[in-house]
Amino acid sequence: MAPKEIVRRTLMSLAPLMPSTDEEIWRYSRIAELDLDSFALGHLRTETVGADAVRVTESLAGIAMVTPPDVFAELNAENADTVSLRIPKGVTLEEAIHIVHHVDADGIVAYPRLVIDAEENSEVTVIETFVSADAIHSLVVPVLEVRTGKAARVNYLAINQLGLNTWQIGHQQSVGHRDSTTRLATVALGGDYARMRTEVRLVEQGASAQQVALYFAGGTQMHDFRTLQIHEAPRTHSDLLFKGAVRDTARSVYTGLIHIKPNAAHSQAFQTNRNLTLSEGAWAESVPNLEIETNEVKCSHASTVGSVDEDQRFYLESRGVPPEIAERLIVFGFFNEVIDRLPKAADVESLRAAVNHKLNPEGDVAQ
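My aim in this report is to walk through the structure given alongside it, one point at a time. (Residues numbered from 1 in each chain as written. Predicted model: local features only at pLDDT ≥ 70, side-chain atom pairs only at ≥ 80, totals over all residues. Heavy atoms only, no water.)

## Regarding the overall build of the chain
So, point 1. A count of helical and extended segments in the chain gives five helices and 21 strands.
So, point 2. Relative to a compact globule of 367 residues, whose C-alpha radius of gyration would be 21 Å, the chain shows 20 Å and is just as compact.
So, point 3. Taken along its principal axes, the extent of the C-alpha atoms in the chain is 60 × 55 × 45 Å.
So, point 4. In the chain, which comprises 367 residues, the proportion classed as buried is 52%.
So, point 5. Accessible area for the chain stands at about 15500 Å²; split by element, carbon and sulfur atoms hold 48% of it. (Helix = DSSP H or I, 4+ residues; strand = E, 2+ residues; numbered from the N terminus. Rg over C-alpha atoms; globule rule 2.2 N^0.38 Å. Buried < 20%, exposed > 50% of the residue type's maximum accessible area, 1.4 Å probe, protein only. Areas by Shrake-Rupley, 256 points an atom, 1.4 Å probe, with all protein chains shown as cover.)

This is how it looks when you write it as structure tokens:
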């Protein structure tokens, strides 16, 4: 049976579960534009550096995502190309693991899955990058699963450098155990429609999680983020900072939920989303939420959507800075708070250059 026919039959069996914008979690999305029947099942060309010592042959899928949250996670579970990493107890990996996925074929849907199992008192940094050319019309449905064991430390960065005609619909799920630290970071610059659902669950006392994202959409791009910070145990801590910019007629959506469950007394959770609109036709939506089921907790959420501060612009221009350079400096200053929180192994200069290109697609202007 041809791969495309396999995908078609799978989708037919899941058709009643396909999402729509009538559902709150898909509100504002572009899911109605997706025709899954137009894609054939395919695979990415994946390169790994530094993973050999901790890569295991058996699939560790299911260590964090016990139940797929939607049809796309289900399809990934059924068709996944899985990379499983297990960091042994007490082991600290000094060098970052790099995983690069290349979308080389047109008209495919691919399901990469990365599973990180950090055992007690271990530490690892993983940087996962998704790349395609602008001419590629394909769909990537990635899943990340992270289990951070007792007192373990996991640092993860996803970089979306997909071409302007590739879609991405992804999921990230992590589970933090006693006194563990999980840091999930995202830099999203590419893709036509790029959606990521990021969920952290803190299931034992003392677990902490940090979620940060930098996203920048231009042209007709759209970036879509849905986040969950779920506290299931006492004295847990989560902190989220997402910053985005949109220009031309691009759009962005952020919706987030902090959920403090009844057993999570004395927990702390913070959620911040800031957005810059750089053009009159650009649009950003920000919807933070809280659900608190116990007392003696400390929680806050904040969100803003606005244009470049005119006082900052006037200050720079009054000192001889050209307008286009002034805007660039303001945007870089806006993003610096996120950049400072990225893993030390991240190539910050190349990310800055990519942001600079988004600001100035017609040519390279010195920062």
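Past the structure itself, the notes keep going.
## Details of the pairing of strand β10 (residues 143–148)
Consecutive side chains of a regular strand alternate in pointing toward one face of the sheet and then the other.
So, point 1. Burial within β10 is extensive, with five of its six residues counted as buried.
So, point 2. As paired strands, strand β7 (residues 112–118) and β10 are joined by six bridges and run parallel to one another. When the sheet's bridge partners are listed, Asp117 is paired in β10 with Arg147.
So, point 3. Pairing analysis gives six bridges linking β10 to strand β12 (residues 167–176), with the strands arranged parallel. (Pairing = 2+ DSSP bridges.)

## Section: the pattern of salt bridges
So, point 1. Under the counting rule described, the total for this entry stands at 23 salt bridges.
So, point 2. Between Asp104 and Arg45 there is a salt bridge whose closest N-O contact spans 2.6 Å. A residue pair is termed long-range when its members are at least 10 positions apart, and Asp104 in the loop between β5 (97–103) and β6 (108–110) and Arg45 in strand β2 (residues 45–49) qualify at 59 residues.
So, point 3. Take Asp104: its relative accessible area is 47%, and that puts it in the partly exposed class.
So, point 4. With a closest N to O distance of 3.0 Å, Glu337 and Lys243 form a salt bridge. (Salt bridge = Lys/Arg side-chain N within 4 Å of Asp/Glu carboxyl O.)

## Details of the environment of Ala245
So, point 1. Of note, Ala245 is situated in strand β17 (residues 237–246).
So, point 2. On the basis of relative accessibility, which here comes to 0%, the residue Ala245 falls in the buried class.
So, point 3. Expressed as a C-alpha distance, the spacing of Ala245 and Arg153, which sit 92 residues apart in the sequence, is 30 Å.
So, point 4. Apart from the residues lying within four places of it in its own chain, the contact partners of Ala245 are Tyr215, Phe216, Ala217, Leu276, Leu278 and Phe335. (Contact = heavy atoms within 4.5 Å.)

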